[in-house]
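# Fold and geometry: a report
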Amino acid sequence: VALSPLSWSLCAAVGCCVLCWCAVLCAVLCWLVCWLRWRHQQRLPATKMQPSMPGGVGFLKATIDVPDDAHVLDVVFADSESAQSFHDDNGGLDYHIPIEGGRGTMPGLKVVHVAVEMAPIAKVGGMGDVVTALARAVQEEGHSVEVVVPKYDVISYHQVEGLYQDGGFNHGGTFVRVWHGQVEGLATTFLEPENGHFWRQCIYGRGDDHVRFGFFCGAALEYLRVRNVQPNILHCHDWQSAAVSWGERPNNAKVAFTIHNLNYGADLVGRAMATCEVATTVSPTYAREISGHPVIAPHLTKMFGIRNGIDQELWDPSIDEHLPQNFGPEDVVQGKAAAKRELRRRGNLADVDVPLVSVVTRLVHQKGIHLIKHAAWRTCESGGQFVLLGSAPDPRVQVGGTVPCYLLLCCRHHVWAVADYWPRWP
């Protein structure tokens, strides 16, 4: 493992561990500061490392007794025992080394997502899908996950299980009601301020989104404080919840910040990049594309491109409860045919044997609306059928224009399942 300006190698096992440290720049007095996952009752003092080679140049080592109930060793390197010494703490994340043979288990983390979208109850773009799918995946790894979202008046409440009000608190000159429920198996908290910020019959598009979501970020942090929620990780998403990153964090939580789309709110994104511990974006390709942006470039060491995945429990056609007939590789033809018949019935499309093109997207300039419109015309001119599922913040796009095919407000599961062709938009 290459570290700058130092490198190390470690062999850790129950009983003792030996740590070797190579001083690349010079041989200095080195100390090893260790915590056993920061929670173990036995706290190890700073340990001076000794030369492992004649002459005292090169590798240094230290031997440490490891309790048999330890499961991980957390390490920080320093050049002296003084608090003012030079520390190598992996950018504030420390180094974490699993201990083989320990009977302890890795304690789960408390992860809180603060987001303004969550599929399927309040979704406009891909952020909503990622928030839900990522939270479910982390929960399946054994961690405790909570999602905090605004309580919009346009939420699909029939998809929220066990919704109930749980008091409230004062913030920003108004009373904020707290609601709890389950969404796709996730503990979800809804914040409803009585100032009406989220009683707008929409998620975006009223001209004061920066005010509304700035208020929401402050309310989310206040909720965590007054309810004594102790997260280890706060995960915020795009400019809308970026302010969580520089707010007053409970439990000294670390912040993960995900950039879904850098086309909006760059100033807020830049501030979040500067204050978060780690940042991710939706793919390695997009990470490279935005790496030169002025708000990203100074913080590239904390940026990781992680390709968005798909929740196979929700989207696997062999078990998808939204489809009229489940199918897999063996009966894909029959399954798609059944899904097409149902979609055409709902949309009053002719049940004929012609190609069907599907598009699911937000209708914004970045997605290439002119290309979508062109594809719709050409598909229909050629005798095919074109299905578009999406919405636009611009009412001229939402209701304007004339295209000789049906624009269906229908279930995404049907649209994805029936398509013969999937155009991929920018």
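No experiment lies behind these values; they were computed from the predicted model shown.

Quick notes on the rules
Residues numbered from 1 in each chain as written. Predicted model: local features only at pLDDT ≥ 70, side-chain atom pairs only at ≥ 80, totals over all residues. Heavy atoms only, no water. Phe/Tyr/Trp six-rings, centres within 6.5 Å; stacked < 30°, edge-to-face > 60°. Helix = DSSP H or I, 4+ residues; strand = E, 2+ residues; numbered from the N terminus. Buried < 20%, exposed > 50% of the residue type's maximum accessible area, 1.4 Å probe, protein only. Lys NZ or Arg CZ within 6 Å of the ring centre and 35° of its normal. Pairing = 2+ DSSP bridges. Contact = heavy atoms within 4.5 Å. Core = buried A, V, L, I, M, F, W, Y, C linked by side-chain atoms within 4.5 Å. Expected span 1.5 Å × (residues − 1). Salt bridge = Lys/Arg side-chain N within 4 Å of Asp/Glu carboxyl O. pLDDT = per-residue confidence, 0-100. Right-handed = clockwise from strand over helix to strand, strands pointing away. Axes fitted to C-alpha atoms, helices over the stretch in contact; angles between N-to-C directions.

What follows concerns the packing of aromatic side chains. Scanning the entire structure with this criterion turns up six aromatic pairs. Ring geometry for Tyr-152 and Phe-198: centres 5.5 Å apart, planes at 90 degrees, overall edge-to-face. Taken together, the residues span a long stretch of sequence, with Tyr-152 in the loop between β10 (144-150) and β11 (161-171) and Phe-198 in the loop between β13 (186-193) and α2 (209-226) at a distance of 46 residues. Residue Phe-198 is classed as buried on the basis of its relative accessible area of 1%. With 5.7 Å between their ring centres and 75 degrees between their planes, Tyr-204 and Phe-213 make a pair best called edge-to-face. Take Phe-213: its relative accessible area is 0%, and that puts it in the buried class. The ring of Phe-213 has Arg-212 sitting right over it, with the charged end atom 5.1 Å from the ring centre.

Now for the pairing of β13. Regular strands place side chains that alternate from one sheet face to the opposite one. With seven of eight residues buried, β13 lies mostly within the body of the structure. Looking at chain direction, β10 and β13 are connected through five bridges and run parallel. Each residue of the ladder has a partner; that of Val-149, found in β13, is Phe-190. Once strand β12 (residues 174-183) ends, the chain turns through two residues before running back antiparallel as β13, passing Glu-184 with a positive phi of about 50 degrees.

Examined against the element boundaries, Thr-281 turns out to sit in strand β16 (residues 278-281). When neighbours within four sequence positions are excluded, Thr-281 is seen to be in contact with Ile-259, Tyr-286, Ala-287, Ile-290, Met-303, Phe-304, Gly-305 and Ile-306.

For the rest of this paragraph, the subject is the nonpolar core. Residues Leu-191, Phe-257, Ile-259, Val-269 and Ile-296 are the most contacted members of the largest nonpolar core, which totals 61 residues. Leu-323, Ala-339, Leu-349 and Val-387 belong to the second largest nonpolar core, which has 11 residues in total.

Counted at 1.5 Å a residue, the expected span for α2 with its 18 residues is 26 Å, and the 25 Å between its end C-alpha atoms agrees. Within α2, burial applies to Asp-209, Arg-212, Phe-213, Phe-215, Phe-216, Cys-217, Ala-219, Ala-220, Leu-221, Glu-222, Tyr-223 and Leu-224. Where α2 is buried, its residues touch β9 (110-114), β10, β11, β12, β13 and β14 (233-237). Following α2 by one or two positions, Asn-228 adopts a phi angle in the positive range, close to 55 degrees.

Below, the discussion takes up the pattern of salt bridges. Inspection of the entire model under this criterion finds 12 salt bridges. Its salt-bridge partner being Lys-123, residue Asp-129 comes within 2.8 Å of it at the nearest N-O pair. By relative accessible area, Asp-129 is classed as partly exposed at 23%. Residue class for Lys-123 comes out partly exposed when judged on its relative accessible area of 28%. The closest approach of N and O atoms between Glu-194 and Arg-177, which form a salt bridge, is 3.1 Å. Note that Glu-194 is positioned in the loop between β13 and α2 and Arg-177 in strand β12, a separation of 17 residues in sequence. We classify Arg-177 as partly exposed; its relative accessible area is 24%. Among the charged side chains, a salt-bridge network with shared partners connects Arg-177, Glu-192 and Glu-194.

Here we take up the confidence of the model for the protein chain. Counting all residues, the mean pLDDT for the protein chain is 82, and 84% of those residues have values of 70 or more. Note on residues 33-37: pLDDT under 50 across the span, and 26 contacts to partners over four residues away in sequence or across chains. Across residues 400-410, confidence stays below pLDDT 50; counting only partners more than four residues off in sequence or on other chains, it has 27 contacts.

When you tally the buried positions in strand β18 (residues 356-360), you get four out of five residues, the bulk of the element. Bridging between β18 and strand β19 (residues 385-389) involves five bridges; their strand directions are parallel. For Ser-358, the partnering residue across the bridge sits in β19 and is Val-387. Following the chain from β18 across helix α7 (residues 369-381) to the adjacent parallel β19, one finds a crossover that is right-handed.

Here we take up unusual backbone geometry. The omega angle of the peptide bond from Ala-119 to Pro-120 is 0 degrees, so this bond is cis rather than trans. Among the structural elements, Pro-120 can be located in the loop between β9 and α1 (126-140). Positive phi outside glycine occurs at Asp-238, with the angle close to 55 degrees. In this structure, Asp-238 sits in the loop between β14 and β15 (254-259). The exposure class of Asp-238 is buried, given its relative accessible area of 5%. Non-glycine residue Asn-251 carries a positive phi angle of around 60 degrees.

Taken in spatial order, the nine strands of this open sheet run β11-β12-β13-β10-β9-β14-β15-β16-β17, and their pairing is mixed. Strands with a single pairing partner mark the edges of an open sheet, and in this sheet they are β11 and β17 (303-305). Ignoring strand direction, the axes of neighbouring strands in this sheet form an average angle of 25 degrees. One ladder, built from four bridges, connects β9 with β14; its direction is parallel.

Take Gly-390: it is sitting in the loop between β19 and α8 (395-399). Residues Gly-390 and Val-364, spaced 26 residues apart in sequence, show a C-alpha to C-alpha distance of 9.8 Å.

Since the α-helix advances by 3.6 residues per turn, residues separated by three or four positions end up pointing in the same direction. Its 16 residues give helix α6 (residues 332-347) an end-to-end C-alpha distance of 22 Å, which sits within 8% of 22 Å, the value for a rise of 1.5 Å per residue. Along α6, the residues that are buried comprise Gly-335, Ala-338, Ala-339, Lys-340, Glu-342, Leu-343, Arg-344 and Gly-347. Those residues of α6 that are buried are in contact with β18, β19 and α9 (412-418). Taken from the residues just after α6, Asn-348 is the one with a positive phi, measuring 55 degrees.

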